[in-house]
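Topology and contacts: notes
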Amino acid sequence: MKILLYCLLLLGGVGQASFAPAPVLLARYPLKTNGTDALGKNSSLRLFGIDFDKIGANCQGAYDDFEAGKGVMILAPPIEGMNMQNFSVRVDFQVSKTALMPVFAIDRSCRHLMFYLTQSGKVALWAVNGDIKKESTLTYKTNTWHTATLVYANKTAILYLDKTEALRVPVTLSASCLRTQNANDISTTNFSNGGVFQGYWRDLRVYRGVWTPQTKEAPLPTGTGGGDKPKPDNPKPDNPKPDNPKPDNPKPNNPTAWRSLDFPVVGKPSTGFENLRRQFYSLQNKAGNLEVAWQDQDNKKVYLSRFDANLQKPQQITLPTPSNTELLAVTNDNEDNYYYAVYKKKTTDAGNDILTMCKADKNGKQLAQQVQSSAQKDLDLWDIGSYAGVLAYSKGKVAMFMARRMNKSSDGLNHQGGIGALFDASNMKLLQNYGQTSGHSFDNFLMVNKNGEFIGMDLGDNYPRGINMHKFDENSTYIKHKLVYTFKTYHGTTPQSPAGATYPKYGEISTPQQAFYKWSNDNGTYTELGGIVEVNDGYLVIFAGEPDATGKSINNARATAYETIDARNLGFVKVRKDFENAQTLKEAILSKGASEVGGFYTFGGDWSKQANEGVVWLTKHKNPKTENVMHIKTIGLPNGNTLVLYATDKSGWGEAEAYQPYMMTLDANGKISSPATALDKKIAFNRRDEALLVGKRVVVVQGITEAGNALRLHILELK
């Protein structure tokens, strides 16, 4: 998988390095078990698809669209006190192979400075987006911790490996980039479509001033806990008094209704928390019992853990797959057959990922394996990376949603988008390729309704921009769809776009502090999908969005590159059963809520209209620095109500120290029938894994490795 450790940082240079002022430590991220700043000054690192092993932050992910704030990466917030003219960044790293890979970079898009490794085993420096490339004679060792330090002062970039200066290069950083918000963070990056960081990080430090291996500094704070966060003055850090106990911070109410059980397994399950892809596929077998499909993170075998009626005594079988493949999605039928998609990663940039559709029986016997064509005329599959996929079975057919990057188009780019397909369940051969569902699609959901029809949704950033709801039609060559919710857009901050065209000022949203222009290239979606729940007269489509104070979601003045201005809240729209036949959005929506019209300027400067209808916000969070909704699960209950599980944290990016799970129930019209109840914090909901109703129990699965490999079941007993 292609992960790029691309660490962004807004910085610059002043004064000759030898005469620079003494360095000041601004942030230190130990990266032991989370992304906490040990100094307690800055927000935590945002961690996407990052696991923590005993030795550090394990970055074994796929290259993804970091512009969207999605995928596998480490992303830092703006660092308090950062001097753009004088800085140092250092991190410990370890890799297991000799290969071309970036380790970290300064600035996300302009890539002012980047430390990388070469295939010949050397360390090197990339500057000003590749205009300068310098290779040192110093070499790195595999399976060995090294310390890399990048210093910028007096228009000079200095690279240290461990205690030795490797390179000293004159560099003039791009003034236009330094004026943008893109330089305000530290995160993961890439060499376009090539170059992958696969290894470990620990102890990231950011300084104002020049730090060298000879610098003497005061002892670093160690604090307590895996994040090395210092003890705060508050003697009860886990239970601060909320600013607004109603409705944003309800007190825990009957948390004993939940219980958590650990079951040892053979193999290493994922402990990923923010993965775009589902990690555990919860299924109900013919006997009505729970089964969990998951992949061993070490040997890549796909396992099925089968529980009895009391959620005890799991048996573990292996589902046959081609060797060295990644698990994309799993589903089953009511005869205990299993259908799953795996793919083999391409070995060269000129190659393609290869998708294989598989079928096995209840004993793990292979019934079918069908390799799918990656050609442009077929699934048009170049790279799946860490994108999500989902499968569903009905009436002898298997439907699939999948996000992927496509084969190179006429403009020379590998574009990304979702695709829908239908397969014959008997042999896993492709029956219908529906083509693109949404452009730049970063999430998806799929279910089977009471009539056995496939209903789903995915996110799109432009084609279209919003939550795109779909109904499969096996007699058609395309999927019927309706855009049921849309959101704001971050517009260009310079008159000239990357394509070289110049556009006028977007005066309606510009301020004296920030000018915007009438073009955009925003891959962000400002939204997380929850699920679709079927009710008698329609569907509840549940999600998290970023409404402003008036409940509007298409307010472009409230869009930013990364930081959230408006708190992320839980919302829904109720959609009629035959939504695909509605002539207008108003005809499709049954809920009574916020309505608005607006639009955005596309990359080419054209105006694209947008509208929302009947949007209802179920939470009222106001402060994006304290609570944001995330990790939503939805379950239709036997009494006709809908159970919604979700969490909040202070940034909306899965920071463990602020993570708070909740549950609430809604009636068939989306009215809250049981208000938000705060749950025990140990009940962790992975981002895309779905909850399952098994009899009178709701089950959510989590992977555990710290005290031995195990599946942890979080169980809610229904009355």
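As shown above, the structure is provided for reference.
Counting starts from 1 at the beginning of each chain's written sequence and moves along it residue by residue. At least 70 in pLDDT is required for a residue's local features to be given in this predicted model, at least 80 for side-chain atom pairs to be given and counted, and no such filter applies to totals for whole chains, interfaces and linings, which use all residues. Computation of side-chain values: all heavy atoms of the structure, hydrogens and water removed.

1. What about the nonpolar core?
Within this scheme, the nonpolar core is defined by two criteria: the residues are buried Ala, Val, Leu, Ile, Met, Phe, Trp, Tyr or Cys, and they are joined through side-chain atoms within 4.5 Å. Accessible area is worked out with a 1.4 Å probe on protein chains only. A residue is then buried under 20% of its type maximum, exposed over 50%, and partly exposed in between. By size, the foremost hydrophobic cluster in this structure holds 48 residues, and its most contacted members are F93, F104, L113, F115, L117, V171 and W201. At five residues, strand β6 (residues 87-95) tops the list of elements feeding residues into this core. Here a residue-residue contact requires only that any non-hydrogen atoms of the pair lie within 4.5 Å. When near neighbours in sequence (up to four residues on either side) are disregarded, L117 contacts F93, V95, A99, L100, M101, V103, K122, V123 and Y140. Membership of the second largest hydrophobic core comes to 34 residues, among which are V302, V330, Y339 and M402. Where helices and strands are cited, they refer to DSSP runs of H or I of at least four residues and of E of at least two residues respectively, numbered from the N terminus.

2. Quick word on the environment of K163
Structurally, K163 can be placed in the loop between β12 (156-161) and β13 (164-170). A relative accessible area of 69% places K163 in the exposed class. As for K163 and H146, which are separated by 17 residues in sequence, their C-alpha atoms are 9.6 Å apart. Those residues in contact with K163, other than ones at most four positions away along the chain, are P213 and Q214.

3. Looking at the sheet that holds strand β21 (residues 338-344)
Following DSSP output, two strands are said to pair if at least two bridges run between them. Spatially, β20-β21-β22-β23 is the arrangement adopted by the four strands of the open sheet, whose pairing is antiparallel. Both outer strands of the open sheet, β20 (326-332) and β23 (366-371), are each paired with one neighbouring strand and no more. Within the sheet, the average angular offset between the axes of one strand and its neighbour, ignoring direction, is 15°. In terms of strand pairing, β21 meets strand β22 (residues 354-360) through seven bridges, oriented antiparallel. When the bridges of β22 are listed, Y339 appears paired with K359. Only the stretch in contact is used when fitting a helix axis, every axis being a line fitted to C-alpha atoms; angles between N-to-C directions are given from 0 to 180 degrees.

4. Structural notes on the pairing of strand β34 (residues 569-576)
With respect to burial, β34 is a largely interior element, seven of its eight residues being buried. Across eight bridges, the pairing between strand β33 (residues 538-545) and β34 is antiparallel. Within β34, the position partnered with G545 by the bridge is N569.

5. Observations regarding the pattern of salt bridges
Any two side chains of opposite charge can pair, given that their charged atoms come close. Each salt bridge in this description consists of a side-chain nitrogen of Lys or Arg and a carboxyl oxygen of Asp or Glu lying within 4 Å of one another. The final tally for this structure, using the stated rule, is 31 salt bridges. For K488, the salt bridge goes to E546, with nearest N and O atoms at 2.9 Å. Of this pair, K488 sits in the loop between β31 (480-485) and β32 (528-535) while E546 is found in the loop between β33 and β34, placing the two residues 58 residues apart along the sequence. Of the two residues examined, K488 and E546, each falls in the buried class. Three or more residues are tied together by salt bridges with common partners; here these are E274, K488, E528, E546, R558, D566, R568 and R687.

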